[in-house]
Each structure stands twice: as structure tokens, then as C-alpha cells.
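Each chain, written out:
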Amino acid sequence: MTASPDLGTPRTASPELLRSVFRQHAAGVAVITASGSRPVGFTATSLTSVAAEPPLLSFGIGVGASSWPAVSEAEHIGVHLLGEHQQELAATFARSGADRFGPATSWRTGPEGVPLLDGVLAWLVCRVVTRIPAGDHRIVLAEPLVGDPAGPGRPLLYHQGRFNALRD
């Protein structure tokens, strides 16, 4: 079997190959939050709508992530879809060791005690249904309870290792 010139040379599956392939995949940017002894949150590009009846969504989180201990025990989480004007917020929640809920982050306590970020395109407060082991991650399945889809702006995207704006 020879490789087609259009497809390039196949490479054996590896973590590096997976990362390289998914750098080609543009994804929406979300921040997931939870409350514990203190508020926690992280930037996620793995957010997926799973079902409409009943409403369910999912996201992945590494078990080594600083937010994992709180998310692993949280009954409720917040899901925030970021706008193109929120690149710095996305970077803050993606950066290890950052003061994610410091003075530069505008937020409030929402329903079920979940930290809610201000100025996002849309947000949901969800009840965690289950956490499914998936390699070095967990897939969190959650049921939306309340939210607001009417924030200002256009979506923030992640592509080729950087945050981008949607182009017409």
C-alpha cells in the first residue's frame, strides 16, 4: 500500500500525533468552573453537546489538572462560552499557577454556589451526572439546569495552538 500524495505519509498513533491532528481542528473555547474550598476553573475546548432529551453535555479534564480535585467532587459546575473579546480570560484559565479568580476576573456566585464569569457569550449551571475514566482524563457528563444564552459578541475559537476570532 502506498500513501497518496494528497494524504501525506501516515504516522503511527501517539500523543504527539493526536495533538498535531487536533491543532487542525477549530474548537469553541469554554471555561468550566466549580466551587470547593475555593473557586476553581479551567479553559476547555472539549465541550460537547451530547443530547437534547434530556439535555446533556460533556467535557474532558485531566486527572493531573489543578481543578480536578474540586471537579471530581462537585455536584454542580458552571460552563461559560467565551467571546472573541475574552482571549486574555481564556489564557488566564489555561495558565498553570495563574490567579484565575483574582482582581482581573469579574465573576459572581451563581445558582448552586457555582462561580459565574461576567461578560461571556453564554453560560450554564449544570448538575454533574457522572465522571467516566478515559486514559489520563475523565469525561464529565452534566445536565444543564439554568443558563443564559444572550451575552454580547462573537465566539472565541482555538486553532493551531492559539486563540482566534471567527471570520466571515
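Residues numbered from 1 in each chain as written. Predicted model: local features only at pLDDT ≥ 70, side-chain atom pairs only at ≥ 80, totals over all residues. Heavy atoms only, no water.

Visitor: Break down the pattern of salt bridges for me, citing the residues and quoting the values.
Guide: Tallied over the full model, the rule gives 4 salt bridges. Across the salt bridge formed by Arg95 and Glu88, the nearest N and O atoms sit 3.4 Å from each other. A relative accessible area of 40% places Arg95 in the partly exposed class. For Glu143, the salt bridge is made with Arg127, and the minimal N-O distance between the two is 2.8 Å. You can see Glu143 sitting in strand E10 (residues 137–148) and its partner Arg127 sitting in strand E9 (residues 122–134), a full 16 residues away along the chain. By relative accessible area, which is 22% here, Glu143 ends up partly exposed. (Salt bridge = Lys/Arg side-chain N within 4 Å of Asp/Glu carboxyl O. Buried < 20%, exposed > 50% of the residue type's maximum accessible area, 1.4 Å probe, protein only. Helix = DSSP H or I, 4+ residues; strand = E, 2+ residues; numbered from the N terminus.)

Visitor: Tell me about the environment of Ala150, and name the residues and values.
Guide: With respect to the helices and strands, Ala150 occurs in the loop between E10 and strand E11 (156–159). Sequence separation between Ala150 and Trp123 is 27 residues; the distance between their C-alpha atoms is 8.9 Å.

Visitor: How would you explain the sheet that holds strand E1 (residues 27–28) if you had to name every residue and give the values?
Guide: Strand order in the open sheet made by the 3 strands is E1-E11-E12, with antiparallel pairing throughout. Looking at the sheet topology across the chains shown, the edges are occupied by E1 and strand E12 (162–165). Judged from the 4 bridges that link them, E11 and E12 form a sheet pairing that is antiparallel. If you follow His159 over to E12, its bridge partner there is Arg162. (Pairing = 2+ DSSP bridges.)

Visitor: Describe the side chain of Arg100, listing the residues and the values that go with them.
Guide: Among the secondary structure elements, Arg100 is positioned in the loop between helix H3 (87–94) and strand E7 (107–109). Of the side chains bearing the opposite charge, Asp99 lies closest to the buried Arg100, which forms no salt bridge; the N-O distance is 8.4 Å. In this structure the side chain of Arg100 is engaged in a polar contact, spanning 3.5 Å, whose partner is the backbone oxygen of Phe93. Residues within four places of Arg100 in sequence aside, it is in contact with Gly41, Phe42, Ser66, Ser67, Thr92, Phe93, Ala94, Arg95 and Thr105. (Lys, Arg positive; Asp, Glu negative; His and termini not counted. Polar contact = N/O pair within 3.5 Å; in protein donor to acceptor, adjacent residues only side chain to side chain. Contact = heavy atoms within 4.5 Å.)

Visitor: Please give an account of the packing of aromatic side chains that cites residues and values.
Guide: Counted under the stated rule, the structure contains 4 aromatic pairs. Arranged with centres 5.3 Å apart and planes meeting at 85°, the rings of Phe93 and Phe101 form a pair that is edge-to-face. Residues Phe93 and Phe101 agree in their burial class; the two are buried. In textbook terms, an aromatic cluster arises when at least three aromatic residues are bridged by ring pairs, as seen for Phe93, Phe101 and Trp107. (Phe/Tyr/Trp six-rings, centres within 6.5 Å; stacked < 30°, edge-to-face > 60°.)

Visitor: So, the nonpolar core: which residues are in play, and what are the values?
Guide: Of all hydrophobic cores here, the largest spans 18 residues; its most connected members are Ile32, Phe42, Phe59, Ile61, Val71 and Ile77. When residues of this core are traced back to their parent elements, those giving at least two are strand E2 (30–35), strand E3 (39–44), strand E5 (55–62), helix H2 (68–73), strand E6 (76–81), E9 and E10. Beyond its immediate sequence surroundings of up to four residues, Phe42 is in contact with Ala30, Val31, Ile32, Phe59, Gly60, Ile61, Ser67, Val71, Phe93 and Arg100. With 15 residues, the next largest nonpolar core counts Val31, Ala90, Leu117 and Phe163 among its residues. (Core = buried A, V, L, I, M, F, W, Y, C linked by side-chain atoms within 4.5 Å.)

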